[in-house]
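Topology and contacts: notes
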Amino acid sequence: METSNRNRIITLDEFILKQQKEYTSSTGELTNLLRDIGVAAKIINREVNKAGLVNILGVAGAENESGDTVQKLDIYANDKLIECLGNSGECAAIASEELENFVALPPVAKKKPKYVVVFDPLDGSSNIDVNVSVGTIFSIYRRISDPAGPITIDDFLQPGTSLVAAGYVLYGTSTILVYTTGHGVNGFTLDPSIGEFCISHRDIKIPEDGAYYAVNQGYYLKFDLEMRRYIDHCSDMNFGLRYIGSMVSDIHRIMIQGGIFLYPHTRKYPKGKLRLLYECNPMAMIVEQAGGIAITCNLERILDLPVNDLHQRATISIGSPKMVSEMKAFVEKYSAVKS
Ligand code: AHM
Ligand code: MG
């Protein structure tokens, strides 16, 4: 009996429902919202899988055989997420890395939605043309403005510590959706034969230590002394360098195998390249929930950073606790040398 129960397939919908009942006096709103995101992920996955067929289906920007303009995949993903988040009526507004401003969603029936959702619809999209993994990153905040009035920018400019949920979808050799609502992290692999995300990685714990580092080493000479010394140390220790150029893929590997991901500031990106709202905060929540650490290269906790702008950037050092702590020690030591 035990065994058959353990082998039973648990779908994402079933899991979300059960978890919300366990941890909250569930009203089903967050459950509906996560379900909407799951549906969008399946649709985006279908299109990402067809990306190699551009010669047959048409190049982005051109008209396809049916006379429709073929959309760039990141815009397609953006539109699908907005469309799907409008389904249940639980999302009051969205902000996206692809859009300059936030967008309020039309109300569904008489619902008064209490959440806003932010996302990077297709992170690492420069990888699409060469068949390398890409991902979607999402996060959910509770609306803080007066529900009787319009959505305001303050609903989005909340620190990472206020996140209600965060997750990512990796369109890789298989498609996996990983999310947290602040009670651990779970992963669901898409079974294409039934079209469902099924639980495959329960209560993910990031390895305490690792032997891989992920950084764009091409920018080595543009990094500060302390970062260069830490990278030299990784190389001296014979750590493997793995850098996909798609944050979701790099972080997912680290979640499973351990390691550290770094995006320090450079002259081109004096505040770092990655976006605090769309990339750093959700990944920081997921990694912390799995037992890891996420700080800036100036050693501030990512989730504590004040958010002043929808498209604010931040540096990041994230991953296995021992590796991030070691990086921190290098920064402390070599910053002291400089001053
Ligand atoms: P994007 O949101 O424009 O796709 O950029 C984010 C991506 C991350 O996924 C990745 O880690 C990083 O940019 C790679 O940047 P670089 O090519 O400078 O190393
Ligand atoms: Mg991105």
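The rules behind these values
- Residues numbered from 1 in each chain as written.
- Chains lettered and ligands numbered in written order.
- Predicted model: local features only at pLDDT ≥ 70, side-chain atom pairs only at ≥ 80, totals over all residues.
- Heavy atoms only, no water.
- Near = heavy atom within 4 Å.
- Polar contact = N/O pair within 3.5 Å; in protein donor to acceptor, adjacent residues only side chain to side chain.
- 1 Å grid on protein atoms, 1.4 Å probe; cavity = no way out; pocket = protein on both sides within 12 Å on 5 of 7 lines; lining within 4 Å.
- Sits in = over half its atoms within 2 Å of the grid points.
- Pairing = 2+ DSSP bridges.
- Helix = DSSP H or I, 4+ residues; strand = E, 2+ residues; numbered from the N terminus.
- Contact = heavy atoms within 4.5 Å.
- Axes fitted to C-alpha atoms, helices over the stretch in contact; angles between N-to-C directions.
- Donors = N, O, S within 2.8 Å, 3.2 Å for Na, K, Ca; no water.
- Buried < 20%, exposed > 50% of the residue type's maximum accessible area, 1.4 Å probe, protein only.
- Domains from an automatic or database assignment.
- Buried area = accessible area lost by both parts, 1.4 Å probe.
- Salt bridge = Lys/Arg side-chain N within 4 Å of Asp/Glu carboxyl O.
- Nonpolar A, V, L, I, M, F, W, Y, C, P; charged D, E, K, R; others polar.
- Points joined across faces, edges and corners; volume = space filled by probe spheres on them.

**Focus: the site of ligand 1**
What surrounds ligand 1 is a group of 16 residues, the closest being Asp-123, Gly-124, Tyr-243, Met-247 and Tyr-263. Residue Glu-97 places a side-chain N or O atom 3.0 Å away from an oxygen atom belonging to ligand 1. Tyr-263 is positioned with one of its side-chain polar atoms (N or O) 2.6 Å from an oxygen atom of ligand 1. Of the pockets mapped on this structure, ligand 1 occupies the second largest pocket.

**Observations regarding the sheet that holds strand 4 (residues 134–142)**
Reading across from one edge, 2-1-3-4-5-6-7-8 is the order of the eight strands in this open sheet, with mixed pairing throughout. Here the strands that pair on one side only, and so sit at the sheet edges, are strand 2 (103–104) and strand 8 (196–201). Two strands pair when backbone bridges link them, and strand 1 (residues 91–96) and strand 2 are joined in this way by two bridges, in the antiparallel orientation. Across the sheet, the residue bridging to Ile-94 is Val-103, located in strand 2. Most of the contacts of helix 3 (residues 29–49) go to strand 4, to which it runs at about 165°, and overall it touches strand 1, strand 3 (115–123), strand 4, strand 5 (163–171), strand 6 (175–180), strand 7 (185–191) and strand 8. Sitting on the sheet, helix 8 (residues 276–289) touches strand 1, strand 3, strand 4, strand 5, strand 6 and strand 7, and the angle it makes with strand 5 is about 100°.

**Structural notes on the environment of Glu-29**
With respect to the secondary-structure elements, Glu-29 resides in helix 3. Between the alpha carbons of Glu-29 and Cys-91 there is a distance of 9.0 Å; along the sequence they are 62 residues apart. Sequence-distant contacts of Glu-29, that is, excluding residues within four places in its chain, are made with Glu-90, Lys-114 and Tyr-115. A distance of 2.8 Å separates a polar atom in the side chain of Glu-29 from a polar atom in the side chain of Lys-114.

**Regarding the coordination of the magnesium ion (ligand 2)**
The protein atoms donating to the magnesium ion (ligand 2) are Glu-97 (OE), Asp-120 (OD), Asp-123 (OD) and Glu-279 (OE), with metal-donor distances spanning 1.9 to 2.7 Å. Residue Asp-123 is classed as buried on the basis of its relative accessible area, which comes to 7%. A relative accessible area of 4% places Glu-279 in the buried class.

**Structural notes on the pairing of strand 3**
Of all nine residues in strand 3, nine are buried, a share of seventy percent or more. Relative to strand 3, strand 1 runs parallel, the two being bridged by five bridges. Residue pairing for strand 3: Ala-93 is matched across the bridge by Val-116. Sheet topology places strand 3 next to strand 4; seven bridges connect them, and they run antiparallel. Each residue of the ladder has a partner; that of Tyr-115, found in strand 4, is Arg-142.

**Let's talk about the domain arrangement of the protein chain**
Per the domain assignment, the segments of the protein chain are domain 1 (2–201) and domain 2 (212–338). If you average the C-alpha positions of domain 1 and of domain 2, the two centres end up 25 Å apart. Across the contact, 46 residues belong to domain 1 and 29 residues belong to domain 2. In this assembly, domain 1 packs against domain 2 so that about 2600 Å² is buried in total across both faces, 69% of it on carbon and sulfur atoms. The interface formed by domain 1 and domain 2 includes zero salt bridges. If you look at where domain 1 meets domain 2, you find nine residue pairs in polar contact (both at pLDDT 80 or more). Elements with a contribution of two residues or more to the side of domain 1 that touches domain 2: strand 1, strand 3, strand 4, strand 5 and strand 6. The element best represented in the side of domain 1 that touches domain 2 is strand 5, accounting for eight residues. Each residue belonging to the side of domain 1 that touches domain 2 can be placed in one class, and the counts come to 24 nonpolar, 18 polar and four charged.

**Some remarks on empty space enclosed by the protein**
Following the criterion strictly, the structure yields three cavities of 30 Å³ or more and no others. As for the largest cavity, its lining consists of Asp-224, Glu-226, Met-227, Pro-264, His-265, Cys-297 and Asn-298. Among the residues forming the lining of the largest cavity, the class breakdown is three nonpolar, two polar and two charged. As for the second largest cavity, its lining consists of Leu-85, Gly-86, Gly-89, Cys-91, Ala-92, Leu-105, Pro-106, Pro-107, Val-108, Lys-111 and Pro-113. A breakdown of the residues in the lining of the second largest cavity according to their chemical character gives eight nonpolar, two polar and one charged.

**What about the sheet that holds strand 12 (residues 293–295)?**
Across the sheet, which stays open at both edges, the five strands sit in the order 10-9-11-13-12 with mixed pairing between neighbours. Both outer strands of the open sheet, strand 10 (240–241) and strand 12, are each paired with one neighbouring strand and no more. As paired strands, strand 9 (residues 212–214) and strand 11 (residues 260–263) are joined by two bridges and run parallel to one another. By the bridge assignment for strand 11, Ala-214 is matched with Phe-261. Packing of helix 8 onto the sheet brings it into contact with strand 12 and strand 13 (316–319), and relative to strand 13 it is tilted by some 30°.

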